[in-house]
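Commentary on secondary and tertiary structure
Spelled out, the chains give:
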Amino acid sequence: MNLSKRDFLQVLAAASAAGMSLSRHAEADAATAQSGLYHLPAFGNVSFLHMTDCHAQLKPVYFREPSVNIGIDEMKGRLPHLVGESLLKTAGIRPGTAQAHAFTYIDFEKAARRYGRIGGFSHLSTLVKQVRASRPGSLLLDGGDTWQGSATSLWTNAQDMVDACKLLGVDVMTGHWEFTYGMERVKEIVEKDFAGKVDFVAQNVKTADFGDPVFKPYVIREINGIPCAIIGQAFPYTPIANPRYLVADWSFGIQDENMQAMVDEARKKGAKVVVVLSHNGMDVDLKMASRVTGIDAIFGGHTHDGVPVAVPVANAGGKTLVTNAGSNGKFLGVMDFDVKNGKVADFRYRLLPVFSNQLVADPAMEAMIKKIRAPYEAKLAEKLAVTDGLLYRRGNFNGSWDQLICDGLIEAQGAQISFSPGFRWGTSLLPGDVITRELLMDQLAITYPYATLTDMSGDMIKTVLEDVADNLFNPDPYYQQGGDMVRVGGLAYTCNPTAEMGKRISDMRLGDKPIEAGKTYKVAGWAPVAEAARDAPGVKPVWDVLEPWLKARNGRVGPQKLNTPKLVGVKGNPGLAAA
């Protein structure tokens with residue numbers, strides 16, 4: 001594919017036009033919005049629809065985009081490491097529009113109250129059907145992190161999301177958090193529920209003993225008579241970011257050589273269009289696109305980046321478009337290719353925000369969701385507290401939800417310091433919202449939820465922080481193994497993301513006293529990846545620690561004061577919002 005600067009500017013112009021359209025229809029009723037806001041003229045002869053990282057959110061939610069998404073080295077100042085005004089300027093989106101609200105944190109509370117909740121499978125289903133009606137033969141791709149992230153997905157062992165995705169019409173899927181249900185459950189769904197309906201693809205998942213493929217590496221589907229290959233790239237660091245014991249018999253990894261072999265094989269079998277359905281994260285996808293040739297587009301996920309344009313990446317064989325479609329059911333990507341003489345000649349890409357108050361709920365999906373939730377409604381709706389401040393999670397260093405969790409772990413477990421994983425999933429709450437059990441579980445619902453209390457030396461605390469910082473800020477994307485920085489409670493520190501490995505963390509303090517390397521501190525945490533943690537005496541799931549703590553706070557939770565590190569070396573970085 002030969003994409004010029006002019007091609008890229010056309011994409012930016014299209015994004016700008018979408019922003020103006022969204023503003024014009026922001027307060028229109030659902031019928032008007034569907035006829036204007038989501039009207040996409042058909043283009044070309046091959047179309048892919050892409051969703052990713054919905055994290056089991058069947059109902060509409062709020063989700064705040066990050067104000068801190070720092071890129072360093074070659075990633076500095078480039079997508080996806082742009083936030084706020086920098087992102088709007090680069091993408092050509094007008095400030096103050098619904099599009100600006102969808103893609104940035106700016107004036108989040110005010111804009112959320114104006115534009116309403118986003119996502120929800122009933123509303124997403126309506127949009128999918130509408131887009132498909134003008135694009136016969138189009139395929140719906142699911143980038144994974146679909147079966148995890150809610151109470152009902154955990155309590156039904158992912159069955160709620162499996163059934164919803166089949167009704168939605170997903171054609172091809174890859175995975176990440178899906179694997180945390182364990183090998184047997186994943187294989188059961190793929191081989192039984194998905195049989196003849198959904199292709200689960202992952203070229204980089206092999207048996208640990210003989211290296212045999214666990215899943216199909218790719219599928220070839222015809223779209224309007226044109227053979228199209230979809231190659232799967234599951235999250236490569238699953239056994240590191242999540243418990244190894246859950247996928248003990250499988251190996252993962254990036255595996256560029258095998259990816260190239262799959263691309264070449266698919267082309268030899270007649271594929272005229274080759275795309276990758278990836279859960280690498282966007283930085284990894286950008287590097288992979290520069291190394292592997294013959295891929296027309298990468299539909300990416302994992303890092304939850306809502307990127308309004310397709311980014312062209314040059315490689316030895318031409319150029320590959322890299323996209324990333326956000327999270328929490330918030331967006332639907334639509335890629336239209338014009339295929340001529342056996343190759344992609346042109347394209348159009350849109351990343352459509354799913355505004356639930358501007359799309360009529362699909363009746364069939366709505367009925368299924370009500371049926372799924374019915375046995376759990378009372379349990380889900382139990383009130384734990386009311387929040388007086390905005391609660392959100394996403395960001396490189398901390399979020400107010402994470403702060404609440406960290407503070408709760410310290411107080412409930414008598415710790416001095418607390419750690420909470422840098423998970424990117426988790427819905428947002430506006431000031432005045434009730435914290436129900438369901439909304440708390442949106443932050444906690446995993447299959448290894450155990451709360452921990454550990455004696456940890458100051459030296460070990462620094463090692464943990466350094467390791468996670470390198471995972472996040474290593475200049476080579478292939479060494480970035482998932483998640484944001486570990487969230488901390490009680491501990492203050494300085495971080496220089498641009499420093500060398502082992503030298504990013506300094507001036508650690510507990511109150512006004514420096515952390516001593518040889519001194520032992522009580523550190524609370526949760527979500528341990530070690531198998532032994534689940535069998536520890538008296539171990540509890542984290543919600544059994546935090547629910548009583550919340551209920552004991554006289555029914556209210558005040559605005560959270562974020563415990564974020566002092567940052568050095570990143571002044572002026574466009575991935576860091578101005579104070």
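Above: the structure in question.
I will try to describe carefully the structure that is included in this document. (Residues numbered from 1 in each chain as written. Predicted model: local features only at pLDDT ≥ 70, side-chain atom pairs only at ≥ 80, totals over all residues. Heavy atoms only, no water.)

**Observations concerning empty space enclosed by the protein**
Spelled out, the test is: Two kinds of site are reported from a 1 Å grid over the protein atoms alone, namely cavities, where a 1.4 Å probe fits but cannot get out, and pockets, open sets with protein on both sides within 12 Å along at least five of seven lines, and residues are called lining when an atom falls within 4 Å of a point. Grid points are joined across faces, edges and corners, and a volume is the space filled by probe spheres set on the points. Per the convention used, a helix needs a DSSP run of H or I reaching at least four residues, while a strand needs a run of E reaching at least two, with both numbered from the N terminus. For this classification, the nonpolar set comprises Ala, Val, Leu, Ile, Met, Phe, Trp, Tyr, Cys and Pro, the charged set comprises Asp, Glu, Lys and Arg, and every other residue, Gly included, is treated as polar.
Under the counting rule described, the total for this entry stands at two cavities of 30 Å³ or more. Estimated volume of the largest cavity: approximately 250 Å³. If you trace the largest cavity, you find 26 residues lining it, with Asp283, Thr303, Arg424, Leu472 and Gln480 closest to the centre. Those elements that provide at least two residues to the lining of the largest cavity are helix H12 (282–291) and helix H17 (458–473). Its residues assigned to classes, the lining of the largest cavity comprises nine nonpolar, 13 polar and four charged.

**What to know about the environment of Met368**
Position of Met368 among the secondary structure elements: in helix H13 (residues 363–373). Spatially, the C-alpha atoms of Met368 and Ser418 are 40 Å apart, while their sequence positions differ by 50 residues.

**Structural notes on the packing of aromatic side chains**
Operational definition: By convention, a stacked pair of Phe, Tyr or Trp rings (six-membered ring in the case of Trp) has centres within 6.5 Å and planes under 30 degrees apart, an edge-to-face pair has planes over 60 apart, and any other such pair is tilted. The buried label applies to any residue whose accessible area, calculated with a 1.4 Å probe on protein chains only, is under 20% of its type's maximum; exposed applies above 50%, and partly exposed to all values in between. In this analysis the charged atom, NZ for Lys or CZ for Arg, is taken to sit over a ring once it is within 6 Å of the ring centre and within 35 degrees of the ring normal.
Across all of its chains, the model carries 20 aromatic pairs by this definition. Aromatic pair Phe423 and Trp526: ring centres 5.6 Å apart, planes at 80°, arrangement edge-to-face. Here Phe423, found in the loop between strand E16 (417–420) and strand E17 (434–436), pairs with Trp526, found in strand E23 (residues 520–526); they are 103 residues apart in sequence, far enough to count as distant. For the pair formed by Phe423 and Trp526, the shared burial category is buried. Through pairs of rings, three or more aromatic residues link up here, namely Trp147, Phe179, Phe194, Phe200, Phe215, Trp250 and Phe252. Over the ring of Tyr392 we find Arg64; its NZ or CZ atom is 4.0 Å from the centre of that ring. Above the face of the Trp425 ring, Arg393 is positioned so that its terminal group lies 5.0 Å from the ring centre.

**Side note on helix H18 (residues 542–551)**
In terms of residue burial, H18 counts as a mostly covered element, since seven of its 10 residues are buried. The set of residues buried in H18 consists of Val542, Trp543, Val545, Leu546, Glu547, Trp549 and Leu550.

**Overview of the layout of surface pockets**
In this model, the largest pocket occupies a volume close to 1,100 Å³. Lining the largest pocket are 41 residues, and of these Ala241, Pro421, Val468, Ala527 and Val529 sit closest to its centre. When contributions to the lining of the largest pocket are tallied by element, the ones reaching two or more residues are helix H10 (238–241), E16, strand E18 (451–457), H17 and E23. By residue number, the principal contributor to the lining of the largest pocket is H17, which donates five residues. Of the residues that constitute the lining of the largest pocket, the class distribution is 20 nonpolar, 15 polar and six charged.

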